[in-house]
Amino acid sequence: MTDFTANNTFVIAGIVFITIAVIGRSKLAFIEINPGFFGRFLALIIGVSSLLYAVGLLNFSVGTLDSLRTYLPELIQQSVSSINEILQGS
């Protein structure tokens, strides 16, 4: 039997929700799906979020957040100093 991990579950859920958002109103044998505009929009948001989480873009670890916290201020400082050099040179 196949082992469902969290990533597989989020991928399947994302695909299902995006399918509901794209198809909208449909009828399959005994199941009728009619989400309306808000339901389709919510399904799109949930589907995209699920796929992003499965890929790992929304699954940050503490180490990743700490490295971003140190990297971003350095990058901003370098950008500000280079912009100041450009403006003073003009």
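Here's a quick rundown of the structure. (Residues numbered from 1 in each chain as written. Predicted model: local features only at pLDDT ≥ 70, side-chain atom pairs only at ≥ 80, totals over all residues. Heavy atoms only, no water.)

What follows covers the packing of helix H1 (residues 6-23) against helix H2 (residues 36-55). Where H1 meets H2, the axes come as close as 7 Å, and the angle between the chain directions of the two elements is 155°. Taken together, the axes of H1 and H2 are roughly antiparallel relative to one another. In this structure, H1 meets H2 at a crossing whose hand is left-handed. On the side of H1, the interface is formed by Asn-7, Phe-10, Val-11, Ala-13, Gly-14, Ile-15, Phe-17, Ile-18, Ile-20, Ala-21, Val-22 and Ile-23, while H2 contributes Arg-40, Ala-43, Leu-44, Ile-46, Gly-47, Val-48, Ser-50, Leu-51, Tyr-53 and Ala-54. Looking at the contact of H1 with H2 residue by residue, the classes come out as 17 nonpolar, four polar and one charged. (Axes fitted to C-alpha atoms, helices over the stretch in contact; angles between N-to-C directions. Helix = DSSP H or I, 4+ residues; strand = E, 2+ residues; numbered from the N terminus. Parallel < 35°, antiparallel > 145°, perpendicular 65-115°, else oblique. Left-handed = near helix turned anticlockwise from the far one by under 90°. Contact = heavy atoms within 4.5 Å. Nonpolar A, V, L, I, M, F, W, Y, C, P; charged D, E, K, R; others polar.)

Structural measurements only, silent on function.
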